[in-house]
Amino acid sequence: LPPPEVTINYRHGLPVITLMLPTRSERCQFTVKPVVTTVGAFLQDVQREDRGIERAEVFATDGSKVSDATLMDVLLMNDFKLVINNTAYSVSPPVKDKLSSEHATEMEDIKSLVHRLFVALHLEDHQIRKERELLQKLDHLKGELLPLEQMKARIMDSADAKTSRLLWVGLALMSTQGGALAWLTWWVYSWDIMEPVTYFITYGSAMAFYAYFVLTKQDYIYPLAKDRQFLHYFYRKSKKQRFNVERYNKLKDDLAETEESLRRLRQPLHLRLPIQEINDKD
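Keep in mind the model is a prediction, meaning the values are calculated, not measured.

**Examining the sheet that holds strand 6 (residues 87–91)**
In any sheet, the strands associate via hydrogen bonds between backbone groups, in a parallel or an antiparallel arrangement.
Part 1: Spatially, the three strands line up as an open sheet ordered 4-5-6, and their pairing is antiparallel. The strands lining the two open edges of the sheet, one partner per strand, are strand 4 (56–60) and strand 6. In this sheet, neighbouring strand axes are inclined to one another by 25° on average, regardless of whether the strands run parallel or antiparallel.
Part 2: Relative to strand 5 (residues 80–84), strand 4 runs antiparallel, the two being bridged by five bridges. Looking at the pairing, Phe59 lines up with Lys81 of strand 5.
Part 3: The strands touched by helix 1 (residues 39–49) are strand 4 and strand 5; relative to strand 4, the strand with the most contacts, the crossing angle is about 140°.

**Notes on the UniProt feature "transmembrane region" (unreviewed entry) in the protein**
Part 1: UniProt tags residues 166–185 and 197–215 as "transmembrane region" (unreviewed entry).
Part 2: For the annotated span residues 166–185, helix accounts for 100% and strand for 0% of the residues, and the straight-line distance between the end C-alpha atoms is 28 Å.
Part 3: A helix fraction of 100% and a strand fraction of 0% characterise residues 197–215, whose end C-alpha atoms lie 27 Å from each other.

**Focus: the nonpolar core**
Part 1: Ranked by size, the top nonpolar core spans 24 residues in total, and within it Leu19, Phe42, Val58, Phe80 and Leu82 carry the most contacts.
Part 2: Of all the elements in the fold, those that place two or more residues in this core are strand 2 (14–21), strand 3 (26–31), helix 1, strand 4, helix 2 (72–75), strand 5 and strand 6.
Part 3: Residues in contact with Phe42, not counting those within four places in the same chain, are Ile17, Leu19, Phe30, Val32, Thr37 and Met72.

**Focus: helix 5 (residues 222–240)**
Part 1: Across its 19 residues, helix 5 extends 27 Å between first and last C-alpha, which sits within 8% of the 27 Å expected from 1.5 Å per residue.
Part 2: Listing the buried residues of helix 5 in full gives Ala225, Phe230, Tyr233, Phe234 and Ser238.
Part 3: Phi turns positive, to about 60°, at Arg242, one or two residues after helix 5.

**Some points on the pattern of salt bridges**
Part 1: Per the counting criterion, the structure on display carries seven salt bridges.
Part 2: Close ionic contact of Glu57 with Arg55 constitutes a salt bridge, the shortest N to O distance being 2.8 Å.
Part 3: A relative accessible area of 35% places Arg55 in the partly exposed class.

**Notes on the confidence of the model for the protein**
Part 1: With 82% of its residues at a pLDDT of 70 or more, the protein shows a mean pLDDT of 79.
Part 2: Confidence, read as mean pLDDT per element, is least for helix 8 (residues 275–281) in the protein (43) and greatest for strand 4 (90).
Part 3: Long-range and interchain partners of residues 269–282, a stretch whose pLDDT sits below 50, account for 20 contacts in this model, where long-range means more than four residues apart.

Procedures and definitions
- Residues numbered from 1 in each chain as written.
- Predicted model: local features only at pLDDT ≥ 70, side-chain atom pairs only at ≥ 80, totals over all residues.
- Heavy atoms only, no water.
- Pairing = 2+ DSSP bridges.
- Helix = DSSP H or I, 4+ residues; strand = E, 2+ residues; numbered from the N terminus.
- Axes fitted to C-alpha atoms, helices over the stretch in contact; angles between N-to-C directions.
- Contact = heavy atoms within 4.5 Å.
- UniProt positions renumbered as here; feature names shortened; annotations may be inferred.
- Core = buried A, V, L, I, M, F, W, Y, C linked by side-chain atoms within 4.5 Å.
- Buried < 20%, exposed > 50% of the residue type's maximum accessible area, 1.4 Å probe, protein only.
- Expected span 1.5 Å × (residues − 1).
- Salt bridge = Lys/Arg side-chain N within 4 Å of Asp/Glu carboxyl O.
- pLDDT = per-residue confidence, 0-100.

This is the structure in structure tokens:
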């Protein structure tokens, strides 16, 4: 005898699927909620009802497999094949009466309300779990940054000290040069002799400043020159002590991004919790 067909009837607006369980040899009815029940959930219910079912799948009429995530509401719109173990059942859902536009709009509103209720019930758990993950990531980043911050502080102190010494040496050389020119002008030679000397010294200084611009593409401004020299000492010292500047910058960016994500997550409008509860968590 051919296998019994799977039947689908509607009771109180819900589809009732009746099929023959292969092991128990009895017909069983499954009432599904098409708006929220998926194909995978329906197949799991069938397998739980009959432990002898090893394979349960749904295929479209063209032979393509229907995803387990597909809603039953979508599946029941067209004919399909239900495969249980090695037996295939052709299923033809009954044609539902066309809903009026007002009833259809009401159903869409109900679906939207159900979705919002689901999000509202599970949002707090999701936010708390996400906050815990961000806090763990924050602690991990701070633990990796701590030794790098200490090494960076030592390198910066050393580079700053060398830069300050260089500035004082420059001031000493300029003072020595001025004193030497004054001594040569008033005690050794006359201004007629020293004037060309001072001219060429000034011209040489202008050439030095122009060469600085050619090499660095920056004007010789004292604060910028000081910062450039500081960075030169900093990177040279970092290379000697094997301080990974790129890794440090990457960790700092990740830390800032994590802190910003945590701050946005804790905002009352995003978390949808009272402000007092947010303060208690902080």
